[in-house]
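One letter stands for each residue in the lines below.
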Amino acid sequence: MITFSHRQLKTPRLLRPVYLVTAGLSKCDRAMPDKRTEELCIEALAMAAKLIDRTPAELKKYIHTAYYGHFADHFGDQLLGEAVIHDRLGLDPLGNVGIKTGGATGGSTLWEAVKAVASGYSDCVLAMGWERMDEVPTDEGNHLIACAADKDWETPLGHIYTGYYAVMAQKYWQVFGREEDSFRRTLAEISVKHHGYARFNPFAHGGMKITAEDVINSPVVAYPLRALDCCLMSVGAACAIICDEDTATELTKNTRNKPLRIWVAAGSHTLRPACRRNMEIPLLPNESPDQYKDLAERFPGSERYPGFTGFLAARISALYAYNMCGITDPSEDLDLVELHDAFTISDIQTYEDLGIRPYGYGRDYVESGDCYHTNPRTGQPGKLPSNISGGLIGCMHAVGATGIMQVFEVATHLWNRWAEIHGDKALWEKFGRQKPDDWQDLQVAGARRGMAVSHAGVGSHVTCTVLMDPDSLIKENA
Amino acid sequence: MSKFAQVTVKNNRYIFSGDFHHICPNQPIRDLDNNGRLTGITNPRDMTYVHSYGGEAVFFENLSRGKIHGSRCDNPECEFTGTVYLPFRIHCPDCLAKNTVIDLTDICKTSARIHTFMVCERSGAFNTLAKPMKFINIEFDGVATILMSYLSVGEPRIGMRVKPIFKTTDPTYTILDLSWVPEDTQKNQLPPGFSFG
């Protein structure tokens, strides 16, 4: 499909307001031989209950259906692992279903959970995601991930997904990055930022105090991407409780969690990036029809859209999401974002797909300092901080859990509870981690609206989840 | 004595012969930091899958004969009739009519150029390509899509003219039977088993 009908572009509508009530996250790590997956899921659900001063048993009484995000059955050699987790959470005989959309699995799980509440089918839904990528050697893990590519046309080519993804990075690097050292350095600064923020996050396992030189001198994985440009491989679980208004009000009464309005929209694009046909750039509310007319003159080689440089699925999911909740300019309307930084370069590509910057100018979001908690250029709060959690590069990428982890992280800012949760020394000790002596409070002051982007490899599936304080909505009747 | 798994088709049914899996014993996993206590178990799995190429079989068969086949939508009622696809698409993604299989070998030999590429130092399990692997994505005149493959000679760069080579000796009947070389490459530079078709 290279053109879209007006019916296909209809703004999605929820039949009633939907709320995020609470969320939870387990410890995340590269490997956890001492834990079964159910232990991680219970850890996340217990935390979600604790944040609204309930016991897990009390919270479970509200849950009507469950949506489980788990991408890779073959990693654990356990088909239908969702049924195992559902049983261990003691939620039988409630209906449950598994969701899998690659790296976007967490976001897609929330997408389904929100629709279940919006439709009236359920008043309270559990969205739980997990992954464990520690139970096979790395080369077999790479093969298993590569099975998510087209098995006849791509997987035999090296059995390594990074190679299929990195051709996109190479094209962006040459066309929009112009192979400039300054652009390479900007990529490195993203890694520095995300590893740095992760140091203050007790859930994270990639916290590091590094410099741009460390990134630029790290081993090449697929040029220009180096080891420190790449996301982590993780074990972990995350969950969210999604409710209608009455249930949300009841569950959060006299707690520090204010129910947050939630919208999720999704997009997709063919698994084989090479099969993406030319099309006009779909415009976001903050873009104009003539904005990209001379793009190919400014950036020779950018004639094809989305080609290998943009993620159409991200653009379409943003278009749906912005129209659903009234966002006209993400940089103005949002207070923070959590983006799917699988690689530093795909992080920059996504800034453009989301309209944070126009196509070709994503690097400016980093270079201006807008993406930082505190703008290093001005010392003032960043205009739109991104990945305060550390993201996939610094915090974790336990595939089925990642999109839910991002929403948990955004919500802690909107609840004004970031410091309480992330600074909790008991939590650091429980996870066997040392709270840094220079730990910093990264709460985004006054945050009222945020967004999380969940993304599957090569942009095959993308979701945008928007959270808003119900007293700070942009559009009435959204 | 073990024999490789083999499959043929008779009366549109698979006939299996040989060994499709091998049974190995589970092994305990012990924690060396805690007096060797049991933490888990290995689950050996060695299996052979069977897979149908379906309507794409003609593409994979013809690589070993030095031919590259694509497909074209010839449905006059399709909004995008005449669109040519490589990689091969059995059906038009717009109207879903069955596409016409067409020989694109000459177009590939005369118009192929690198759209983007990646040199990859690492591979996953089961990889059979030599490292570093030089993945290339190739664009062709008159073809709507781009083909992912690999370069067997020289160093890739965007815009570079390339031409196809085929594993006509001992073919694998996979996408690996097709590779590419710079347009001035000579026959004696080709990897073993490959020819210009």
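Coordinates for the structure precede this section.
So, here's what we can say about the structure. Quantities reported herein were computed from a predicted structural model and do not represent experimental measurements.

Along chain B, the regular secondary structure elements total two helices and 13 strands. Relative to the globule expectation of 16 Å for 197 residues, the C-alpha radius of gyration of chain B, 22 Å, shows a markedly less compact shape. Considering only C-alpha atoms, chain B reaches an extent of 70 × 45 × 35 Å along its principal axes. Classification of the 197 residues of chain B by burial places 40% in the buried group. In chain B, of all internal contacts separated by at least 6 residues, the share reaching a separation of at least 24 is 49%. Within the structure as shown, chain B displays about 11200 Å² of accessible surface, and the carbon and sulfur contribution to it stands at 51%.

Moving on, we come to the side chain of N62 of chain B. Tracing the chain through its elements places N62 of chain B in helix α1 (residues 57–63). A distance of 3.4 Å separates polar atoms of two side chains, one belonging to N62 of chain B and the other to H69 of chain B.

Bringing the interface of chain B and chain A into the picture now. Counting from both sides, the interface comprises 44 residues of chain B and, opposite them, 36 residues of chain A. Carbon and sulfur atoms make up 63% of the surface buried where chain B meets chain A, a total of about 3600 Å² over both sides. For the pair chain B and chain A, the number of links is two salt bridges. One salt bridge in this structure joins D77 of chain A and R45 of chain B, with 2.7 Å as the shortest N-O distance. Applying the counting rule to chain B against chain A returns 14 residue pairs in polar contact (both at pLDDT 80 or more). Here the element with the most residues in the side of chain B that touches chain A is strand β8 (residues 113–120) of chain B; it accounts for six residues.

Where side chains of opposite charge bring their charged atoms close, a pairing between them can arise. All names here are of chain A. Here the structure, examined in full by the defined rule, presents 37 salt bridges over all chains. Ionic pairing is found between D29 and R433, a salt bridge with its closest N-O pair at 3.6 Å. Of this pair, D29 sits in the loop between β1 (19–25) and α1 (37–51) while R433 is found in the loop between α19 (425–430) and β10 (449–455), placing the two residues 404 residues apart along the sequence. Here R363 ties to E367 by a salt bridge, and the two come within 2.8 Å at their closest N and O atoms. With a gap of four residues between them, R363 and E367 both fall in helix α15 (residues 363–367), about one helical turn apart. With a relative accessible area of 15%, R363 lands in the buried category. One salt-bridge network, in which partners are shared between bridges, spans R36, E38, D87 and R88.

Attention now moves to the nonpolar core. By size, the foremost hydrophobic cluster in this structure holds 164 residues, and its most contacted members are I242 of chain A together with W180 of chain B. It is helix α12 (residues 312–325) of chain A that provides the largest number of residues to this core, a total of eleven residues.

What follows deals with α12 of chain A. All names here are of chain A. An ideal rise of 1.5 Å per residue puts 20 Å on 14 residues; α12 measures up with 20 Å between its terminal C-alpha atoms. Counting buried positions over the 14 residues of α12 gives 13, a clear majority of the element. G326 sits one or two residues past α12 and shows a positive phi near 90°.

This part takes up the pairing of strand β4 (residues 124–132) of chain A. All names here are of chain A. Of all the nine residues making up β4, nine are buried; the element is thus mostly covered by neighbouring parts of the structure. Covered by surrounding structure in β4 are C124, L126, M128, W130 and R132 together with V125, A127, G129 and E131, the residues of both alternating faces. Taken together, the five bridges between strand β2 (residues 65–69) and β4 define a ladder with parallel strand orientation. Following the sheet pairing, Y67 is matched in β4 by A127. As defined by bridge partners, β4 adjoins strand β7 (residues 235–243) across nine bridges and the pair is classed as antiparallel.

The subject of this paragraph is the sheet that holds strand β5 (residues 69–72) of chain B. Residue and element names in this part refer to chain B. What the three strands build is an open sheet, ordered β6-β5-β7; its pairing is antiparallel. Each end of this open sheet is capped by a strand with a single partner; those strands are β6 (84–85) and β7 (100–103). Both β5 and β6 contribute to a ladder of two bridges, which runs antiparallel. Paired with S71 across the strands is Y85, a residue of β6.

What follows covers a nonpolar patch on the surface. All names here are of chain B. Taken together, the side chains of V7, V9, Y14, F16 and V50 make up a nonpolar region of the molecular surface, amounting to roughly 430 Å² of accessible area. Listed by contribution, the elements that provide at least two residues to the nonpolar patch are β1 (6–10) and β2 (13–17). Residue placement: V9 occurs in strand β1. Assessed through its relative accessible area of 52%, V9 is described here as exposed.

This part is about the side chain of K134 of chain B. The topology assignment puts K134 of chain B in strand β9 (residues 133–139). Discounting residues that sit within four places of it in the chain, K134 of chain B has contacts with M118, V119, S149, Y150, L151, G154, E155 and P156 of chain B.

Now for helix α6 (residues 138–146) of chain A. When we look at burial in α6 of chain A, the residues that qualify are G141, N142, H143, L144 and A146 of chain A. Tucked into the core, α6 of chain A has its buried residues touching α3 (73–76) and α7 (161–175) of chain A.

The rules we used
Residues numbered from 1 in each chain as written. Chains lettered and ligands numbered in written order. Predicted model: local features only at pLDDT ≥ 70, side-chain atom pairs only at ≥ 80, totals over all residues. Heavy atoms only, no water. Helix = DSSP H or I, 4+ residues; strand = E, 2+ residues; numbered from the N terminus. Rg over C-alpha atoms; globule rule 2.2 N^0.38 Å. Buried < 20%, exposed > 50% of the residue type's maximum accessible area, 1.4 Å probe, protein only. Contact = heavy atoms within 4.5 Å. Areas by Shrake-Rupley, 256 points an atom, 1.4 Å probe, with all protein chains shown as cover. Polar contact = N/O pair within 3.5 Å; in protein donor to acceptor, adjacent residues only side chain to side chain. Buried area = accessible area lost by both parts, 1.4 Å probe. Salt bridge = Lys/Arg side-chain N within 4 Å of Asp/Glu carboxyl O. Core = buried A, V, L, I, M, F, W, Y, C linked by side-chain atoms within 4.5 Å. Expected span 1.5 Å × (residues − 1). Pairing = 2+ DSSP bridges. Patch = residues over 30% accessible without salt bridge, like charges linked within 9 Å, V, L, I, M, F, W, Y side chains within 5 Å.

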